[in-house]
Amino acid sequence: MESKTTLPVQNGGKINKMMALNLLMGAIGIYLWWTIYRVLPDLSKWLTYNLLPIKEGSHLGSSVEFFFYDTPKVMMLLFLVVFGVGILRSFFTPEKTRAFLSGKSEFVGNIFAALLGIITPFCSCSAVPLFIGFVTAGVPLGVTFSFLIAAPMVNEIALGLLYGLLGWKVAAIYLGTGLFIAISAGWVIGRLKLENHVEDWVTQANAVNLTMEEEKLTWNDRFVYGWDAVKEIIGRVWIYVILGIAVGAGIHGFVPEGVMASIMGKDSWWSVPLSVVIGVPMYSNAAGVIPVVEALLGKGAALGSVLAFMMSVIALSLPEMVILRKVLKPKLIAVFVGVVACGILFVGYLFNMIL
Amino acid sequence: MEIKVLGPGCAKCKKTEKLVQEVIKEAGIDAKVEKVSDMMQIASYGVFGTPSVIVDGQVKCTGKVPKKADILSWLQK
């Protein structure tokens, strides 16, 4: 793969050949992907009951089958989603996003910031330079927060997995409510006029704007970008996925039907706040949480409570707070956590009520 | 030649610094590499993402781990 990036750009014929080769490989890849994906249910049954000495219908059997079915399924879905989003992301950079947002008014700005937060490539350890870059360029504080909330909250991995495991409706609800929280929480923070709770050195930082020549990416580069994203992300999250599926498999096989309905069901008013309280200190990534979510839903947990649990695990995390403390005074961090938690509570109650 | 690698110390930043060191060694280039991990200093360079690589005051890459071939091309100018 490495050799592709150094291809001479002027050599058009070679590029076209590479492009054709990429497309051909892509088509074969998708065909293989689909073929394997279709046999997974039978394969997992065969592995569990024929290869291993496990009786059909037992608790253990249903756990093991869940594990053998979900692990390859989740990995395959991740592969496809991360590759696709990687290619999409190669069109966006934080610099372009900032330039676009700096001229926007508050409410419209919040909406665009939340949308761009999903698609702009950025890792949480860059949150501080990004925050400074936005604020010093005149992006309003609330708009900056909409971006920072949406980036982890609406996560392409989560979206892809929800779609694959629970259907498009749940995925759409997650996307819609995640955006709603990012937009409204950012807007509220903007209205509260907390600019003086940003650490003083941030506004004094005279960011020398170093210019960087913009890279011209070919389609080939974009494929490589997508492929790199696959290697990077799957290399990082696979262990969480397997742990998550193992926990999910345990719940699936051993927790009796309906137990979750009493703990995380829609009839108990405290189930949503409890889900948030349990979720906030937990730190996992989306890929690990979703198999647990799938298993919880299967045992009668209400969608609103589960959604609240998932969002508080991935959107509010202690490591991120520690990083942001460098640029935000404690009160602003508290407001940030509080407003986002309120948004999650609202979404949780809403869905427990209407579904 | 002066090379600065900006990054608070996450895995990607460390990898970038290692790659830069390797390229310098392999190509026998005379360069000073400095790791900048202080947030205020990083911010003063006006970059958005870490890890970033700066060669003689010019930002060469931000927000990703560069490839060895790319690093070499920045240093050979």
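Before any of the text, the structure's been laid out above.
Predicted, not measured: the structure shown is a model, and the values here were computed from it.

> Any chance you could explain the overall build of chain B here in plain terms?
Counting its secondary structure elements, chain B contains three helices and four strands. Counting from the amino terminus, chain B carries its helices and strands in the arrangement β-α-β-α-β-β-α. Counting only C-alpha atoms and orienting by the principal axes, one finds that chain B spans roughly 30 × 25 × 15 Å. Among the 77 residues that make up chain B, the fraction classed as buried is 39%. If you take every contact in chain B between residues at least 6 apart in sequence, the share linking residues at least 24 apart comes to 64%.

> Please explain the overall build of chain A as it appears in this structure.
Helix and strand content of chain A: 17 helices and zero strands. Computed over its C-alpha atoms, the radius of gyration of chain A comes to 22 Å, within 12% of the 20 Å expected for a compact globule of 355 residues. Principal axes of the C-alpha set define a box for chain A whose edges measure 70 × 65 × 30 Å. Long-range contacts, defined as pairs at least 24 residues apart, comprise 86% of the intrachain contacts of chain A with a sequence gap of at least 6.

> What is the right way to read the nonpolar core from this model?
Among soluble globular proteins, nonpolar side chains are generally buried collectively. Residue and element names in this part refer to chain A. Of all hydrophobic cores here, the largest spans 113 residues; its most connected members are I149, A150, V306 and V340. Counting residues per element, this core draws most heavily on helix α3 (residues 59-89), which supplies twelve residues. When neighbours within four sequence positions are excluded, I149 is seen to be in contact with I181, A182, A185, G186, A315 and V340.

> In this structure, what is going on with the pairing of strand β4 (residues 58-62) of chain B? I would like to understand it.
All names here are of chain B. With four bridges connecting them, strand β3 (residues 52-55) and β4 associate as antiparallel partners. If you follow S52 over to β4, its bridge partner there is T62. What sits between the antiparallel neighbours β3 and β4 is a turn of two residues, in which D56 has the positive phi angle 45°.

Criteria and cut-off values
Residues numbered from 1 in each chain as written. Chains lettered and ligands numbered in written order. Predicted model: local features only at pLDDT ≥ 70, side-chain atom pairs only at ≥ 80, totals over all residues. Helix = DSSP H or I, 4+ residues; strand = E, 2+ residues; numbered from the N terminus. Buried ≥ 20, exposed ≤ 12 C-beta atoms within 10 Å, placed from the backbone. Contact = placed C-beta atoms within 7 Å. Rg over C-alpha atoms; globule rule 2.2 N^0.38 Å. Core = buried A, V, L, I, M, F, W, Y, C linked by C-beta atoms within 7 Å. Pairing = 2+ DSSP bridges.

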